[in-house]
Amino acid sequence: MKIGIIGAGNIGGNLTRRLTALGHDVSVANSRGPETLRELAEETGATAVRAEDAAKGAEVVVVTVPLKAVPDLPAGLLDGAAEGAAVIDTGNYYPQQRDGRIAAIEDEGLTESRWTEQHLGHPVIKAFNGTYAQDILDRHRPAGDPDRMALPVAGDDEAAKRKVRALIDELGFDTVDAGTVADSWRQQPGTPVYGLRAGTAAVEKALADASPERPADFRG
Ligand SMILES: NC(=O)c1ccc[n+]([C@@H]2O[C@H](COP(=O)([O-])OP(=O)(O)OC[C@H]3O[C@@H](n4cnc5c(N)ncnc54)[C@H](OP(=O)(O)O)[C@@H]3O)[C@@H](O)[C@H]2O)c1
């Protein structure tokens, strides 16, 4: 499958490694330009491209940049994506350490992914946001393995969500349907499921146990 990855850091780099290993046709971009991604491209066989070209023809696009960088992404970023493309948002809001205060999230109560999709102008599927980047490389397991981790996946577009859940299964993880983008506060930073390394039942329980109140550590 043709996959575009925008952001080549901890998460984007490791998704590039695993998705190419599975045989997918991956284009990957960062902010500094394809010439700075030569090493990753040589290592994985992915094609390093400019951010504005990363989504071209892609059935799945992964947006995996710091939240504060989302408004800086090129306009029309997703215009060339394949019809019905699923756009994965891995982002988290870290107002104190990285992103600064975002009023629409804190005062208007937008979920982080709703804020992101408003900037992107395209619906998103929230996935991997609570997954340690290294686990993408180290903790994948075959279906049915008792140690297989489950990842929560939220989004409004059911077809896109199915596509993303199938891809995550291929990557070696179970998934739990965590509802819509409006429900996705249940997997934001500071919630019980955030960073949880566990199987389906524990992930379902953690999502159910979440409190809608934003923890102090994640308020600007
Ligand atoms: N690290 C984790 O374990 C982890 C786990 C789950 C979720 N997340 C979340 O996933 C997101 C990405 O995290 P990360 O740790 O992978 O970040 P990271 O290592 O800091 O990498 C960020 C990537 O985004 C690129 N980028 C920044 N601004 C850009 C722009 N305007 N256009 C194109 N590319 C741009 C950077 O490119 P340059 O280097 O060229 O600037 C870099 O390749 C964050 O929201 C984070 O909270 C992280």
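Note that the structure is a prediction, hence the values are computed from the model and not measured.

A. Seen up close, the side chain of Thr-116. Position of Thr-116 relative to the elements: it lies in helix α5 (residues 112-120). With relative accessibility at 0%, the residue Thr-116 sits in the buried group. Once residues lying within four places of it in the same chain are set aside, the contact partners of Thr-116 are Leu-67, Val-70 and Asp-89.

B. Structural view of empty space enclosed by the protein. In this structure the tally under the stated criterion is two cavities of 30 Å³ or more. Taken as a whole, the largest cavity encloses approximately 80 Å³ of empty space. Considering the residues around the largest cavity, the lining is formed by 13 residues, among which Gly-130, Thr-131, Leu-151, Val-193 and Leu-196 are closest to the centre. Among the elements that line the lining of the largest cavity, the one with the most residues is strand β7 (residues 150-155), at three residues.

C. Region of interest: the pairing of strand β4 (residues 60-63). Burial along β4 is two-sided: Val-60 and Val-62 and Val-61 and Val-63, pointing in opposite directions, are all buried. Where strand β1 (residues 2-6) meets β4, four bridges bridge the pair, whose relative direction is parallel. Each residue of the ladder has a partner; that of Ile-6, found in β4, is Val-63. Sheet analysis places β4 next to strand β5 (residues 86-89), joined by four bridges and oriented parallel.

D. Representation of the packing of aromatic side chains. For the coordinates displayed, the defined rule picks out one aromatic pair. Plain terms: the ring middles of Tyr-94 and Phe-218 are 5.3 Å apart, the flat faces sit at 75° to each other, and that makes the pair edge-to-face. Of the two residues, Tyr-94 is situated in the loop between β5 and α3 (95-99) and Phe-218 in the segment after α8 (200-209); the sequence distance between them amounts to 124 residues. By the burial criterion, Tyr-94 is buried, and Phe-218 matches it.

So, how was this worked out
Here the residue numbering is sequential within each chain, running from 1 through the sequence in written order. Restriction of local features to residues with pLDDT of at least 70 applies here, the model being predicted, together with a cutoff of 80 or more for giving and counting side-chain atom pairs; totals for whole chains, interfaces and linings are based on all residues. To obtain the side-chain values, all non-hydrogen atoms of the structure were included, while hydrogens and water were left out. A run of H or I in DSSP becomes a helix once it reaches four residues, and a run of E becomes a strand once it reaches two; helices and strands are each numbered from the N terminus. Exposure categories follow from relative accessible area, calculated using a 1.4 Å probe and restricted to protein chains: below 20% of the type maximum is buried, above 50% is exposed, and the middle band is partly exposed. We call two residues in contact whenever any of their non-hydrogen atoms come within 4.5 Å of each other. Of the two site types, the cavity is a set of points on a 1 Å grid over the protein atoms alone where a 1.4 Å probe fits but cannot get out, and the pocket is an open set with protein on both sides within 12 Å along at least five of seven lines, each lined by residues with an atom within 4 Å of a point. Grid points are joined across faces, edges and corners, and a volume is the space filled by probe spheres set on the points. When DSSP finds at least two bridges between two strands, those strands are taken to pair. Here is the rule: rings of Phe, Tyr and Trp (six-membered ring for Trp) pair when centre to centre is within 6.5 Å. Planes less than 30 degrees apart are stacked, more than 60 are edge-to-face, and the remainder are tilted.

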